[in-house]
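Report on the structure
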Amino acid sequence: ETGVTQTPRHLVMGMTNKKSLKCEQHLGHNAMYWYKQSAKKPLELMFVYSLEERVENNSVPSRFSPECPNSSHLFLHLHTLQPEDSALYLCASSQYRGPVYEQYFGPGTRLTVT
Amino acid sequence: AQTVTQSQPEMSVQEAETVTLSCTYDTSESDYYLFWYKQPPSRQMILVIRQEAYKQQNATENRFSVNFQKAAKSFSLKISDSQLGDAAMYFCAYRRVNSGGGADGLTFGKGTHLIIQP
């Protein structure tokens, strides 16, 4: 595997389910991000992890719970979601320091909440 | 808070022609980075080009170039010799410079859907 991978690519869940999204980066980066892309809004930053510590939480509802066990893996745990949470969830990674440390994105998980 | 505005929801260009996508942003910072990302139907976000605000010279990457006007807070993308494979959503993005190091998220515009006419 190369780059940033995300699993599953598609997920359908009921409002009472619990599921998790997984992201893995193979680039040797040490910062990881979750973004939400919904139809009517610009991409929204949800969480930032730098050196495995959460450094930003953009007022995301508690039904979304991130976890970063190491610098290569990032999870987004989902529970009691709402239909408006249906969206494409994108993971990205970058270096913690560097001249520009641009972000590299995974292919996304398309989430549908029924 | 920073904002990024892309005023063209959709643009269309003939194959082999040149097209310019507009982006304006608002920030109180003096140093920052600007990016253009491409998102084809596969949904994979791909970095097209980046510009450091402290650099006066406009960035270029093969057929892609930017017109960076710092005073006007404008950052347009020019695509020359348009190809069918250029068809995608194009997003302008901003990131501040974190002088203490560390990660910062990107602020995106709403995107411009680019259509290439054969």
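Refer to the preceding data block for the structure.
Rules of the game
Residues numbered from 1 in each chain as written. Chains lettered and ligands numbered in written order. Predicted model: local features only at pLDDT ≥ 70, side-chain atom pairs only at ≥ 80, totals over all residues. Heavy atoms only, no water. Phe/Tyr/Trp six-rings, centres within 6.5 Å; stacked < 30°, edge-to-face > 60°. Helix = DSSP H or I, 4+ residues; strand = E, 2+ residues; numbered from the N terminus. Buried < 20%, exposed > 50% of the residue type's maximum accessible area, 1.4 Å probe, protein only. Contact = heavy atoms within 4.5 Å. Buried area = accessible area lost by both parts, 1.4 Å probe. Salt bridge = Lys/Arg side-chain N within 4 Å of Asp/Glu carboxyl O. Polar contact = N/O pair within 3.5 Å; in protein donor to acceptor, adjacent residues only side chain to side chain.

The next thing to look at is the packing of aromatic side chains. By the definition in use, this model includes 14 aromatic pairs over all chains. Each ring, one from Phe105(A) and one from Phe108(B), has its centre 6.2 Å from the other, and the planes form 70°; the classification is edge-to-face. Separated into two different chains, Phe105(A) in strand E10 (residues 104-105) and Phe108(B) in strand E11 (residues 107-108) make up a pair that spans both. Like Phe105(A), the residue Phe108(B) is buried in the burial classification. These aromatic residues form a ring-pair network of at least three members: Tyr33(A), Tyr35(A), Phe105(A), Phe35(B), Tyr37(B), Phe91(B) and Phe108(B).

On to the environment of Pro69(A), then. Residues and elements named next belong to chain A. Take Pro 69: it is sitting in strand E7 (residues 64-70). C-alpha separation for the pair Pro 69 and Glu 53, spaced 16 residues apart in sequence, amounts to 9.4 Å. Excluding anything up to four places from it in sequence, Pro 69 contacts Glu 52 and Phe 75.

Attention now goes to the interface of chain B and chain A. Each partner contributes to the interface: chain B provides 24 residues, whereas chain A provides 25 residues. Overall, the association of chain B and chain A removes approximately 2,000 Å² of surface from exposure, summing both partners, and the carbon and sulfur fraction of that is 52%. Taken together, the connections running from chain B to chain A amount to 1 salt bridge. Where chain B packs against chain A, one counts 5 residue pairs in polar contact (both at pLDDT 80 or more).

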